[in-house]
Amino acid sequence: MTQFALNDDQLAMREMAQGFAAEKLAPHAVHWDETKHFPVAEMREAAALGMGGVYIREDVGGSGLSRLDATLIFEALASGCPTISAYISIHNMCGWMIDAFGSDEQRRRFLPKLCSMEHLASYCLTEPGAGSDAAALKTRAVRDGDHYIVSGQKQFISGAGVSDVYVTMVRTGDDGAGGISTLVIEKDSEGLSFGAEEKKMGWNAQPTRAVIFDQVRVPVANRLGPEGIGFKIAMAGLDGGRLNIGACSLGGAQAALDKSLAYMAERKAFGKSIDQFQALQFKLADMATELECARTFLWRAAAALDRKDIDATRLCAMAKRIATDTGFKVANDALQLHGGYGYLSDYGIEKIVRDLRVHQILEGTNEIMRLIVARSLIGRGNRG
């Protein structure tokens, strides 16, 4: 990308993803939300277009694209359904962790089926007693010859019960971040079970359950990298995950803004369409401006992660915070512009508001994003 402009390939990629979202996701999004349907077939169609392994290397079936490219794709998919785009983004994050930290054997064993989404993946870090304080996780893996015996529970896991692969952070050593390792745990493992499906405000088109490990035997061969680097792996995954969820917020919010423009051109009050009232025009202008600012900064952070800049983690945290806060605010403003109709499920606006609210919580709460930024500023100085 030349500065502030996308190249022809990126424009074509975004157009392709937007077309897929408009045809395959948007017409069904409200129904999937109401029926809690997880559209695996449609996600596999997305994977056939290269969206199951966006930034995974090509030798195992990935698309080999950049983090910036990924933000374009996930924003475009979210314009059709933020819930499904967000799940595909989590699936991509799990695949990248295996691609980046796994052995060649692990990459070839797991990634071809993940890239095609024949197999689905879940990211397992959060626990009932370890959310923002992720390094306090208690799920324990005890070495037993060529296996680990894993016991514990993960909470709020997207795709749980349906996914085939669970990229799981476990404690193999002492307390703290240095005692954490990462295991790839397969669905058919004896002792692996799942809690009841959570009843949620949004994200109803993807299942969310607890993942329960009761003396699960996991081959040592399924560990990513050496013992003790699992927290590093988890955080590296989240740098990109934060960009992706920010992109999903922008895609959902852009769809809400677009719906508002169409509605306001048709809705009449006091003898004219409501898009002719200056107060509402100013609201639309602010919504569009705030989205564009957040999008531009998200691209900057993605480019920094692609370059492996020293400040990439800080920029990703900043981008996640601003994109998810902005996305939710714009969607909520869009609901207000629809008046009472925005509160009805038929228009799809209230679903977007419900879906985007959780983006301010997951992949690290926005309060934790502020903490990351503040610690970077205080600890290293502000490099601009």
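What counts and how
- Residues numbered from 1 in each chain as written.
- Predicted model: local features only at pLDDT ≥ 70, side-chain atom pairs only at ≥ 80, totals over all residues.
- Heavy atoms only, no water.
- Patch = residues over 30% accessible without salt bridge, like charges linked within 9 Å, V, L, I, M, F, W, Y side chains within 5 Å.
- Areas by Shrake-Rupley, 256 points an atom, 1.4 Å probe, with all protein chains shown as cover.
- Salt bridge = Lys/Arg side-chain N within 4 Å of Asp/Glu carboxyl O.
- Helix = DSSP H or I, 4+ residues; strand = E, 2+ residues; numbered from the N terminus.
- Buried < 20%, exposed > 50% of the residue type's maximum accessible area, 1.4 Å probe, protein only.
- 1 Å grid on protein atoms, 1.4 Å probe; cavity = no way out; pocket = protein on both sides within 12 Å on 5 of 7 lines; lining within 4 Å.
- Points joined across faces, edges and corners; volume = space filled by probe spheres on them.
- Nonpolar A, V, L, I, M, F, W, Y, C, P; charged D, E, K, R; others polar.
- Pairing = 2+ DSSP bridges.
- Axes fitted to C-alpha atoms, helices over the stretch in contact; angles between N-to-C directions.
- Parallel < 35°, antiparallel > 145°, perpendicular 65-115°, else oblique.
- Left-handed = near helix turned anticlockwise from the far one by under 90°.
- Contact = heavy atoms within 4.5 Å.
- Phe/Tyr/Trp six-rings, centres within 6.5 Å; stacked < 30°, edge-to-face > 60°.
- Lys NZ or Arg CZ within 6 Å of the ring centre and 35° of its normal.

This brings us to a nonpolar patch on the surface. Among the surface-exposed residues, Tyr341, Leu344 and Tyr347 lie close enough to one another that they form a single nonpolar patch of about 260 Å² accessible area. With respect to the helices, strands and loops of the structure, Leu344 is situated in the loop between helix 9 (312–337) and helix 10 (349–357).

Further remarks concern the pattern of salt bridges. One pass over the full model with this rule turns up 25 salt bridges. With a closest N to O distance of 3.1 Å, Arg108 and Asp104 form a salt bridge. Here Asp104 and Arg108 lie together in helix 6 (residues 104–115), a separation of four residues that amounts to about one turn. Classification of Asp104 as partly exposed rests on a relative accessible area of 43%. Measuring nitrogen to oxygen at the nearest pair gives 2.7 Å for the salt bridge that ties Arg354 to Glu350. Placement of the pair is Arg354 and Glu350 together in helix 10, with a separation of four residues, close to one helical turn. The exposure class of Arg354 is buried, given its relative accessible area of 16%. Taking the relative accessible area as the measure of exposure, Glu350 reaches 15% and is therefore buried.

Next up on the list: the layout of surface pockets. Its boundaries defined by the atoms lining it, the largest pocket holds a volume of some 1100 Å³. Along the wall of the largest pocket there are 39 residues; nearest its centre are Thr126, Ile361, Leu362, Glu363 and Gly364. Among the elements of the structure, strand 1 (121–124), strand 3 (147–158), helix 7 (230–266), helix 10 and helix 11 (366–380) are those that each provide at least two residues to the lining of the largest pocket. By residue class, the composition of the lining of the largest pocket is 20 nonpolar, 10 polar and nine charged. If you add up the space inside the second largest pocket, you get close to 410 Å³. For the second largest pocket, the lining is made up of 19 residues, of which Arg67, Trp96, Leu305, Asp306 and Lys308 are closest to its centre. Those elements that provide at least two residues to the lining of the second largest pocket are helix 5 (82–101), helix 7, helix 8 (278–307) and helix 9.

This next bit is on the pairing of strand 5 (residues 180–186). Along a regular strand, successive side chains alternate from one face of the sheet to the other. Among the seven residues that make up strand 5, six are buried, leaving the element largely enclosed by the rest of the structure. Summarising the sheet, strand 4 (residues 165–171) and strand 5 pair through seven bridges and their orientation is antiparallel. Each bridged residue has a counterpart across the sheet, and for Arg171 the counterpart in strand 5 is Ile180.

Here helix 7 crosses helix 8 at 160°, and the two axes come no closer than 10 Å. The angle between helix 7 and helix 8 falls in the class roughly antiparallel. Considering only the axes of helix 7 and helix 8, their crossing is left-handed. Residue-level contacts link Asp239, Gly240, Leu243, Gly246, Ala247, Leu250, Ala253, Gln254, Leu257, Leu261 and Met264 of helix 7 to Leu280, Leu284, Met287, Ala288, Leu291, Ala294, Arg295, Leu298, Ala301, Ala302 and Leu305 of helix 8. Here the contact of helix 7 with helix 8 is built from residues that sort into 17 nonpolar, three polar and two charged.

Next up on the list: the packing of aromatic side chains. Remark: the centre distance and the inter-plane angle together describe each pair of aromatic rings, the angle taken between the planes. Following the criterion strictly, the structure yields seven aromatic pairs and no others. With 6.3 Å between their ring centres and 55° between their planes, Tyr263 and Tyr341 make a pair best called tilted. With a gap of 78 residues between them, Tyr263 in helix 7 and Tyr341 in the loop between helix 9 and helix 10 connect regions that are remote in the sequence. With relative accessibility at 35%, the residue Tyr341 sits in the partly exposed group. Between Phe270 and Phe277 the ring centres are 6.4 Å apart and the planes differ by 85°, which places this aromatic pair in the edge-to-face class. Judged by its relative accessible area of 81%, Phe270 falls in the exposed class. Note on Phe277: relative accessible area 23%, which makes it partly exposed. Among the aromatic residues, those joined into a cluster by ring pairs are Tyr263, Tyr341 and Tyr347. Cation over ring: Arg357 sits above Phe328, and NZ or CZ is 5.8 Å from the ring centre.

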